[in-house]
Amino acid sequence: MEASQSNHPNPNPNRNSLPSSMPVWPTIDGPLGLSEEESVSYARRFYKFGFALLPLLWAVNCFYFWPVLRHSHSFPRIRPFVVGSAVGFAVFAALLCSWALTFAIGGERLFGPVWDQLVMYNLADRLGLTSWS
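Nothing here was measured: the structure is a model prediction, and the numbers come from that model.

Trainee: Lay out the overall build of the chain with the relevant residues and their values.
Mentor: Scanning the chain from N- to C-terminus turns up 7 helices and 0 strands. Counting from the amino terminus, the chain carries its helices and strands in the arrangement α-α-α-α-α-α-α. Residues classed as buried in the chain amount to 23% of the 133 residues present. Long-range pairs, those at least 24 residues apart, make up 47% of the contacts in the chain with a sequence separation of at least 6. Summed over its atoms, the accessible surface of the chain is roughly 9,900 Å², and 66% of this surface lies on carbon and sulfur atoms.

Trainee: Any chance you could break down the packing of helix H2 (residues 36–50) against helix H5 (residues 79–111) for me, citing the residues and the numbers?
Mentor: Packing of H2 against H5 brings their axes to within 9 Å, and their N-to-C directions diverge by 30°. Here H5 runs roughly parallel to H2, going by the angle between their axes. Like other packed secondary-structure pairs, H2 and H5 cross with a definite hand, here left-handed. Between H2 and H5, the contacting residues are Ala43, Arg44 and Tyr47 on the first element and Phe81, Val82, Gly84 and Ser85 on the second.

Trainee: Tell me about the packing of aromatic side chains, and please be specific about residues and values.
Mentor: In this structure the tally under the stated criterion is 10 aromatic pairs. Their ring planes at 75° and their centres at 5.1 Å tell us that Tyr64 and Phe65 sit as a pair that is edge-to-face. Members of the aromatic cluster, connected to one another through ring pairs, are Tyr47, Phe51, Trp58 and Phe81.

Trainee: Would you mind going over H2 in detail, with residue names and values included?
Mentor: Compared with the 21 Å implied by 1.5 Å per residue over 15 residues, the 21 Å span of H2 between its first and last C-alpha is a close match. Looking at H2, one finds that the buried residues are Ser39, Val40, Ala43, Phe46 and Gly50. The buried residues of H2 all sit within an arc of 140° when viewed along its axis, so they share a single face. Across from the buried face of H2, at angles greater than 90 degrees, the exposed residues are Glu37 and Lys48. Buried residues along H2 sit in contact with helix H3 (56–64) and H5.

Trainee: Residues and numbers for the pattern of salt bridges, please.
Mentor: Going through the model one piece at a time under the given rule, you end up with 1 salt bridge. Linking Glu37 and Arg77 is a salt bridge whose minimum nitrogen-to-oxygen distance equals 3.0 Å. One end of the pair, Glu37, is in helix H2; the other, Arg77, is in the loop between helix H4 (66–70) and H5, with 40 residues separating them in the sequence. Assessed through its relative accessible area of 52%, Glu37 is described here as exposed.

Parameters at a glance
Residues numbered from 1 in each chain as written. Predicted model: local features only at pLDDT ≥ 70, side-chain atom pairs only at ≥ 80, totals over all residues. Heavy atoms only, no water. Helix = DSSP H or I, 4+ residues; strand = E, 2+ residues; numbered from the N terminus. Buried < 20%, exposed > 50% of the residue type's maximum accessible area, 1.4 Å probe, protein only. Contact = heavy atoms within 4.5 Å. Areas by Shrake-Rupley, 256 points an atom, 1.4 Å probe, with all protein chains shown as cover. Axes fitted to C-alpha atoms, helices over the stretch in contact; angles between N-to-C directions. Parallel < 35°, antiparallel > 145°, perpendicular 65-115°, else oblique. Left-handed = near helix turned anticlockwise from the far one by under 90°. Phe/Tyr/Trp six-rings, centres within 6.5 Å; stacked < 30°, edge-to-face > 60°. Expected span 1.5 Å × (residues − 1). Arc of directions from axis to C-beta. Salt bridge = Lys/Arg side-chain N within 4 Å of Asp/Glu carboxyl O.

Structure (structure tokens):
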């Protein structure tokens with residue numbers, strides 16, 4: 001085996017020519033994924049459409065471009081969109097969780113008499129749709 005290596009000397013003495021911390025592909029699906037040019041346009045679209053009340057696209061952007069998000073010095077043209085998506089989704093998730101916990105924990109004690117107008121479980125009673133029972 002050493003004879004075959006000596007016949008074809010490696011011009012680079014380092015066996016791994018790429019740093020181990022730098023990803024080769026910007027997407028999680030590697031060589032089957034998008035090129036870097038296409039990745040920039042997709043990351044930009046996911047980031048912008050996230051502001052159009054579709055914040056789950058920010059989560060998709062973070063998942064799909066995970067190698068870009070994980071390595072801080074890789075793909076500098078894509079990274080601002082992916083980091084922005086991560087921040088946007090984190091803010092959205094925090095707001096959604098705080099809203100849900102406010103209603104779940106606070107309930108009628110927190111909102112008082114307005115609670116009956118806020119909840120949806122008595123909507124059928126208010127519209128008279130339960131007269132059959």
